[in-house]
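Below, each chain spelled out in residue letters.
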Amino acid sequence: MPVKAGIVTFPGSNCDDDLLRSLSGLGYEVEKIWHKDSNLPKVDLVCLPGGFSYGDYLRSGAIARFSPVMKEVVRHAGRGGLVLGICNGFQILTECHLLEGALLRNENMQFICASVYIRCENSDTPFTRSLSLGQVLKIPIAHGDGRYYAPMDTLKALEDKGQIVFRYCTADGNITPESNPNGSLLNIAGICNRSKNVLGMMPHPERAWVDYLGNEDGRWILESPLKQALNLLNG
Amino acid sequence: MSRDYASETTSVQTAQKLGLLPEEYQRICELLGRAPNFTELCAFSGMWSEHCSYKNSIKYLKTLPRKSPRVLAEAGEENAGLIDLGDGWACAFKIESHNHPSAIEPYQGAATGVGGINRDIFTMGARPIAQLNSLRFGDLNEPRVRRIVRGVVKGIGDYGNAFGVPTVAGEVFVHESFSQNPLVNAMSVGILRRGEILSATARGVGNPVFIVGSATGKDGIHGASFASGDLTEDSIKDLPAVQVGDPFQEKLLLEATLELARTGSIAGMQDMGAAGIICSTSEMSARGGVGMDIWLDRVPTRGGHMHPFELLLSESQERMLVVVHKGREEEVKRIFDKWDLHCAQIGVVTEGPLLRFFFNDQKVAEIPAEALVVGGGAPQYDRPFSRPAYQDDVEKFDPAIVPIPKNLRDVARFLISHPNIASKKWITRQYDSMVGTANMSAVHPSDAAVVRLHDTGKALAVTVDCNPRYVYCQPAQGALIAVAEAARNLAATGATPLGLTNCLNFGNPYNPEVYWQFVEAIRGMAKACKFFGIPVTGGNVSFYNQTQWADRSIPVYPTPTIGMVGLLEDPSWRVTLPFRTEGDEIWLLGPVTHDIAGSEYVASWHHIVHSPAPHIDLEAESSLHHLLRALARDHIVSAAHDVSDGGLICCLLEMAIHSGLGFDLQAPPPVRPDAFLFGEGQSRCVVAVPPHRREALLQQAHRHGTPALALGVVQGQHIRVWGEDWGPLRDFANAYEATWPRIMGQDNF
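Residues numbered from 1 in each chain as written. Chains lettered and ligands numbered in written order. Predicted model: local features only at pLDDT ≥ 70, side-chain atom pairs only at ≥ 80, totals over all residues. Heavy atoms only, no water.

Chemist: If you had to explain the pattern of salt bridges to someone new, which residues and values would you point to?
Modeler: All names here are of chain B. Using the criterion set out here, one finds 48 salt bridges over all chains in the structure. Note that D120 and K94 form a salt bridge whose closest N and O atoms lie 3.5 Å from each other. With a gap of 26 residues between them, D120 in helix α7 (residues 106-122) and K94 in strand β3 (residues 89-97) connect regions that are remote in the sequence. Since its relative accessible area comes to 5%, D120 is described here as buried. Given the relative accessible area of 11%, K94 is considered buried. One salt bridge in this structure joins E283 and R287, with 3.8 Å as the shortest N-O distance. Taken together, the residues span about one helical turn, with E283 and R287 both in helix α11 (residues 276-288) at a distance of 4 residues. (Salt bridge = Lys/Arg side-chain N within 4 Å of Asp/Glu carboxyl O. Helix = DSSP H or I, 4+ residues; strand = E, 2+ residues; numbered from the N terminus. Buried < 20%, exposed > 50% of the residue type's maximum accessible area, 1.4 Å probe, protein only.)

Chemist: Describe the sheet that holds strand β10 (residues 188-192) of chain A, listing the residues and the values that go with them.
Modeler: Residues and elements named next belong to chain A. Read across the sheet, 9 strands follow the order β2-β1-β3-β4-β11-β10-β9-β6-β7 without closing on themselves; strand pairing throughout is mixed. The sheet is open, and its two borders are formed by β2 (29-34) and β7 (136-143), each paired with just one other strand. Across this sheet, the average inter-strand angle for adjacent strands is 25 degrees, counted without regard to direction. Bridge analysis of strand β1 (residues 4-9) against β2 gives 6 bridges, and the strand direction is parallel. Bridged to I7 within β2 is K32. (Pairing = 2+ DSSP bridges. Axes fitted to C-alpha atoms, helices over the stretch in contact; angles between N-to-C directions.)

Chemist: Tell me about the interface of chain B and chain A, residues and numbers included.
Modeler: The interface is formed by 30 residues belonging to chain B together with 27 residues belonging to chain A. Each partner contributes to the roughly 2,600 Å² buried at the junction of chain B and chain A, and carbon and sulfur atoms together form 58% of this total. A per-residue breakdown of the area chain B buries against chain A is headed by F248, R429 and T437 of chain B, which together make up 25% of the total. Remark: the boundary between chain B and chain A carries 13 residue pairs in polar contact (both at pLDDT 80 or more). Only α8 (143-163), α10 (247-261) and α13 (329-338) of chain B provide two or more residues apiece to the side of chain B that touches chain A. Top element by residues in the side of chain B that touches chain A is α10 of chain B. It accounts for 4 residues. Looking at side-chain class alone, the side of chain B that touches chain A contains 13 nonpolar, 9 polar and 8 charged residues. (Contact = heavy atoms within 4.5 Å. Buried area = accessible area lost by both parts, 1.4 Å probe. Polar contact = N/O pair within 3.5 Å; in protein donor to acceptor, adjacent residues only side chain to side chain. Nonpolar A, V, L, I, M, F, W, Y, C, P; charged D, E, K, R; others polar.)

Chemist: Pulling in residues and values, what's your account of the sheet that holds strand β24 (residues 685-689) of chain B?
Modeler: All names here are of chain B. Overall, mixed pairing links the 7 strands, which are arranged β22-β24-β21-β25-β23-β26-β27 in an open sheet. Each of the sheet's edge strands pairs with one partner strand only, and the pair in question is β22 (639-642) and β27 (724-728). The sheet shows a mean angle of 20 degrees between the axes of neighbouring strands, taken without regard to direction. Pairing between β22 and β24: 4 bridges, direction antiparallel. Residue pairing in the sheet places D642 in a bridge with C685 of β24.

Chemist: Can you break down helix α3 (residues 38-47) of chain B residue by residue, with the values?
Modeler: Residue and element names in this part refer to chain B. Of all 10 residues that make up α3, 10 are buried, and the element is covered over most of its length. Of the positions making up α3, those classed as buried are F38, T39, E40, L41, C42, A43, F44, S45, G46 and M47. A side-chain oxygen of the first residue of α3 lies 3.0 Å from the backbone nitrogen of T39; this N-cap is N37.

Chemist: Give a description of the packing of aromatic side chains that names residues and reports values.
Modeler: All names here are of chain B. According to the stated counting rule, one finds 22 aromatic pairs over all chains in the structure shown. An angle of 90 degrees between the planes, with centres 5.3 Å apart, marks the rings of F506 and F518 as edge-to-face. Remark: F518 occurs in helix α20 (residues 512-532) and F506 occurs in the loop between β16 (496-505) and α20; sequence separation between them is 12 residues. Ring geometry for F531 and F532: centres 5.5 Å apart, planes at 90 degrees, overall edge-to-face. Ring pairs connect the aromatic residues Y60, F385, F506, Y515, F518 and F543, which therefore count as one cluster. Sitting over the face of the ring of Y381, R383 holds its NZ or CZ atom 4.6 Å from the ring centroid. The ring of W573 carries R633 above its face, with NZ or CZ at 5.9 Å from the centroid. (Phe/Tyr/Trp six-rings, centres within 6.5 Å; stacked < 30°, edge-to-face > 60°. Lys NZ or Arg CZ within 6 Å of the ring centre and 35° of its normal.)

Chemist: Can you lay out the nonpolar core for me, pointing to particular residues and giving the numbers?
Modeler: Within the largest apolar cluster, 114 residues are counted, with the highest numbers of intra-cluster contacts made by Y148 and F166 of chain A together with V483, F518 and M564 of chain B. At 11 residues, the largest contribution of residues to this core is made by α20 of chain B. Apart from the residues within four sequence positions on either side, F166 of chain A is in contact with I118, R119, C120, E121, T128, N187, I188, A189, G190, L199, M201 and I221 of chain A. Ranked by size, the runner-up nonpolar core spans 55 residues in total, among them Y25, M47, L312 and V349 of chain B. (Core = buried A, V, L, I, M, F, W, Y, C linked by side-chain atoms within 4.5 Å.)

Chemist: I'd love a proper account of the confidence of the model for chain B, names of residues and values included.
Modeler: When pLDDT is averaged along chain B, the result is 94, and 97% of the positions lie at 70 or above. Among the prediction metrics, the complex's ipTM stands at 0.97, with pTM recorded as 0.95. (pLDDT = per-residue confidence, 0-100.)

Chemist: Could you give me a rundown of empty space enclosed by the protein, with the residues and numbers involved?
Modeler: Overall, the coordinates contain 6 cavities of 30 Å³ or more when judged by the stated rule. Put simply, the largest cavity is a space of about 70 Å³. In terms of lining residues, the largest cavity is bounded by P140, R207, L213 and N215 of chain A together with M434, T437, A438, N439, A442 and V443 of chain B. For the lining of the largest cavity, the per-class residue count stands at 6 nonpolar, 3 polar and 1 charged. (1 Å grid on protein atoms, 1.4 Å probe; cavity = no way out; pocket = protein on both sides within 12 Å on 5 of 7 lines; lining within 4 Å. Points joined across faces, edges and corners; volume = space filled by probe spheres on them.)

What follows is the structure, encoded as structure tokens:
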């Protein structure tokens, strides 16, 4: 049985083709989903790609959550289906409340494109089961609004429930202020929901999956749901 | 009661107010056989502006070589040059300036520059895959200049990032002549299947004419005329002549356009840039030898009453003019509806030669299309020129009187932290360089950026280059070097040049000394292009880059920016810039010249403004390029970086800083030590080679007749020069990285 992934294209999405190329290259059967569709095709994994949906002239992701397809995405998540939001996709997931918190303007008020290090904080999610706890990955970021924010009690709950999945760190895995590119609270780079089937992350694993990009660390994340579905992982 | 636009009369004075010369008004009257009405005169003022008509440059542009077996669309034939890539694919690329808007409103000026150049590419049916930019700023000690830097960089970033095309390469140069007049040159490179090329030609009498994309507003009216006059203290009043960009609309327009291109329903298409509707209707009609009837009241507007001349000249962004095959209108509407974009039929193609514009059923203008365009009625001038007096100072330069500094390490530290040489990461980090997942240089840099072609597995190598100081000192030699260096960047990466686009930024052409710089630069550029066999596929001329301040007029350093595209048949040939392995030998390929002229060292350390451009020998240059490609193909070298700004020492330091590996420079200087370390003599490249490949390197160098000099070895974490420890690489790296953040961090933003 092929593992199926669907990638939603919003007006202004610009990482949808990159995600398609990487997921196809890694062995998924991928189809694109138009944001105006009110039906979701039968897929195992729904991806919300990076970009600037509706120009992000309002809060990033604030309009995209009203796209017709989003109702179905929320329903898919409610059924336990996998949802992965990258960059703008993460912002959309917080706007539609599948994930908690918000992504604010970077601390230095600038767009930042760079390769950064992130550490796996929970290897018991469908997206991180290939990884080991504390494993460090080098993954590119490219965003203007990536500073993760949530109230203190939410942050505590996220920590307690193991919902913090990735945190920015140094090359050798230390969580430091210097390794935090955008001022995110607790160096948060990615979080999941309580049932761990919805992951949002600012870094772009699809920009680091093949030799010609000079970095293949993103495979660890993108391949996890696939391997799990194909029972290639232990446990 | 409606206004009678048709009978609004004009005079020489009206023409002069619109930026036209009295003799040009006379010519318009002759072409029409009558005096133009106001709307018609506005059309001429836009189309005969320097920006649209190339009236003061076309004579010399025609001396540049345009042909090669791979050229599919020559300069001027389409919106951008088009080159055959083989495998059924073609590449469209072009560079364009947005200097004057960026001087007045840096953010929107730069943003719309990016938008405009990308539209030139996708209006041909090509998907942009890489963006580049070339920027010139004034003295960074001036807060005003830093404000311009901040705005321009954010404008380029915000537009390009949202549009979703990676910015893969660029260059930045600072000099006080740019203080009030920055240069913002944006380049875009796109690819398309050869069978899906859209032409900017109106065809088929009876075919409907559509305007698609954004609604039309009052922004940017007379922008083309504005860009064709000197910037003055009053220029701030021209603010409405600056356009406002919307990258989101542009992204939708891109997707809708490419979707439309695949349907085959388009007979012709041109984007709207300078001079808006009048430019696209006249150029498309003139190319097709047809006319058009256009109903201006059917143009979707942003609200508020707009006069016919405003509708004709508005430079509202993110719009296209599309000629559709009759009967296929519904397909067009369906696609634009899908992308939530405006799409309105505003006219129809007619038998030539007249363009007729109507407003509420009143005919408001009637002009032969041919009368408006380059190569047709638009004037062509040959301006007088004269050699500037400062050339005497250039010729008087005597290196013998330049003292050799005692502490060469201090000079190296100074140069590597000079804003022109230091890391530009403060800028480039604000650009998305990775979207599209094709930029192979985002993680491992090369002299030229390498962009993978997903459909063929081959790659393009792209670069922009120009050292304005060289061009100022010796315009012909300087422009020749710009071409040579761009080609060298491609060769160092392993690629073969396919073609180039130029952006010619100069002062006021009515100043004979400025015009001399222009004529000379074209002469040098033409010589280099012919020598290397690289065609010029198009570009842009930007005159009037000078600022009148009180009673002084300061032209910018002349800057003929070269954007070059090359092909890497096999991406595995790609050679990167950083050192790779300790123990690799370091070799200098190319002639060692006794040359400090034109260098950053002479200009900034010794404060000598006037010295000739560096030495260049085209034969040696060409041999070097062939050698570099041979080394790449045979995987002989582990790193390559050409010697340019800051000379040999900066070249070595950059290779070290990007790798974290130090070096030991052992070769005794064959010329005076400052010339060896800091001279910018051309036709040279540093390579690193594993010891077991040394013989292969030397054989190839010998075969190509290129001198090779053993410099030293990649080693440790320190910089060692002639037995002396210059300290940890980290210190040099910090100096290299710290400059731009320190300068830009002065302001509290």
